[in-house]
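# Secondary and tertiary structure notes
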Amino acid sequence: MATGELLTAQSELFGSVFVVTQHLTRRTDAALEEFGLTTRQWLLLAVLQQEFPANHASLSEAAEKYGSSRQNVKQIALGLEARGFVRLVPDADDRRTTRLQLTERIREFDAPTNRKAGADLLTHAFSGLSTSETLALRDLVVRWLAGLAASSSAPEGS
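Residues numbered from 1 in each chain as written. Predicted model: local features only at pLDDT ≥ 70, side-chain atom pairs only at ≥ 80, totals over all residues. Heavy atoms only, no water.

### As for the overall build of the protein chain
Using the following cut-off: Numbering of helices and strands runs from the N terminus, with a helix taken as a DSSP run of H or I at least four residues long and a strand as a DSSP run of E at least two residues long. Classification of residues uses two cut-offs on accessible area relative to the type maximum, computed with a 1.4 Å probe and protein chains only: under 20% is buried, over 50% is exposed, and between them is partly exposed. It only takes one pair of heavy atoms within 4.5 Å for two residues to be counted as in contact. Accessible surface area values rest on a Shrake-Rupley calculation with a 1.4 Å probe, where residue burial reflects the displayed protein chains alone. Counting rule applied: Lys, Arg positive; Asp, Glu negative; His and chain ends not counted. One atom stands in for each charge, and that atom is NZ of Lys, CZ of Arg, CG of Asp or CD of Glu.
Each helix and strand in the protein chain was counted, giving six helices and three strands. The order of helices and strands in the protein chain, counted from the N terminus, is α-α-β-α-α-β-β-α-α. For the protein chain, the C-alpha atoms occupy an extent of roughly 55 × 45 × 25 Å along the three principal directions. Counting over 158 residues, the protein chain shows a buried share of 22%. In the protein chain, 46% of the contacts between residues at least 6 apart in sequence involve partners at least 24 apart. Accessible surface computed for the protein chain: about 11200 Å², of which carbon and sulfur atoms make up 58%. For the protein chain, the separation between the mean place of its 17 positive charges and that of its 19 negative charges on side chains is 4 Å.

Structure (structure tokens):
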């Protein structure tokens, strides 16, 4: 593939990812309305559940996995705290560190009707792809995210 062709493909993909994000955000915000949550808040809850099963993530650790700044994650977490989904608590060993603890309210997503609604949302979101295409896309996105994470933690000028 010629350099110009690759740059065109990258440009198309780059823009398309943002358009996909807009569609997913709109649909997910509508699905989360009954919980009083936004897509960004739901995503932070998902990150906390998936990446920190011991439920002891610091704001900085959560921010790294969420892909945003500590300050941004704190603002999202404060909204979640106001809705009863998390508690922000000082670390027992280092009072300068704030930890995020999920509350029992997170179990609302485990109710059968909510699980079905989540499954329906996912089915609809990927309805244009076959099973093998969905699995291949997942693998590509995981690799892409790993590359983005690695490049964002590399020293300047690398």
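Moving on from the coordinates now.
### Description of the sheet that holds strand β2 (residues 86-90)
Quick reminder of the rule: The criterion for strand pairing is that DSSP finds at least two bridges linking the strands in question. Here an angle of 0 to 180 degrees is reported between the N-to-C directions of two axes, which are lines fitted to C-alpha atoms, with helices fitted over the stretch in contact.
Here three strands make up an open sheet; going across it, the order is β1-β3-β2 and the pairing antiparallel. Each edge of the open sheet carries a strand with a single partner, namely β1 (57-58) and β2. Strand direction decides the pairing type here: β2 and strand β3 (residues 98-102), joined by five bridges, are antiparallel. Across the sheet, residue Val86 finds its bridge partner in β3, namely Leu102. Packing of helix α4 (residues 70-82) onto the sheet brings it into contact with β2 and β3, and relative to β2 it is tilted by some 125 degrees.

### Quick notes on the pattern of salt bridges
Condition: Whenever a carboxyl oxygen of Asp or Glu lies within 4 Å of a side-chain nitrogen of Lys or Arg, that contact is scored as a salt bridge.
Within the structure shown, the criterion is met by nine salt bridges. Of the charged contacts in the structure, one is a salt bridge between Lys65 and Glu51, with a shortest N-O distance of 3.7 Å. Taken together, the residues Lys65 in helix α3 (residues 59-66) and Glu51 in helix α2 (residues 39-51) connect sequence positions 14 residues apart. On the basis of relative accessible area, Glu51 is assigned to the partly exposed category, the value being 41%.

### A word on the environment of Ser151
Rules: Any N or O atom pair separated by 3.5 Å or less is treated as a polar contact, with the protein-specific requirement of one donor-capable and one acceptor-capable atom, and with residues adjacent in sequence counted only for side-chain atom pairs.
Structurally, the position occupied by Ser151 is in helix α6 (residues 131-153). Side-chain polar atoms of Ser151 contact the backbone oxygen of Leu148, separated by 3.0 Å.

### Here's the deal with the packing of α2 against α4
Let me state the cut-off plainly: Note on terminology: angles under 35 degrees are roughly parallel, angles over 145 are roughly antiparallel, angles of 65 to 115 are roughly perpendicular, and the others are oblique. Note that Gly is not counted as nonpolar here; it falls among the polar residues with everything else outside the nonpolar set of Ala, Val, Leu, Ile, Met, Phe, Trp, Tyr, Cys and Pro and the charged set of Asp, Glu, Lys and Arg.
Close contact between α2 and α4 brings their axes to 10 Å; oriented N to C, the two are set at 95 degrees. One finds that α2 runs roughly perpendicular with respect to α4. Taken together, the residues of α4 that come into contact with α2 (itself represented by Arg40, Gln41, Leu44 and Leu45) are Asn72, Val73, Ile76, Ala77, Gly79 and Leu80. In terms of residue class, the contact of α2 with α4 is made up of six nonpolar, three polar and one charged.

### Comments concerning the confidence of the model for the protein chain
Threshold: Scored between 0 and 100, pLDDT is the confidence that the predictor attaches to each residue.
Overall, the prediction assigns the protein chain a mean pLDDT of 92, with 96% of residues at 70 or greater. For the protein chain, the element scoring lowest by mean pLDDT is α6, at 91; α4 scores highest, at 97.

### Examining α3
The criterion, for reference: In this description, the arc belongs to the directions extending from the helix axis to the C-beta atoms.
When α3 is considered as a whole, its buried residues turn out to be Leu59, Ala62, Ala63 and Tyr66. Considered in projection along α3, the buried side chains sweep an arc of 100 degrees and stay on one side of the axis. Contacts made by the buried residues of α3 are with α2, β1, α4 and β3. Gly67 lies just past α3 and shows a positive phi near 85 degrees.

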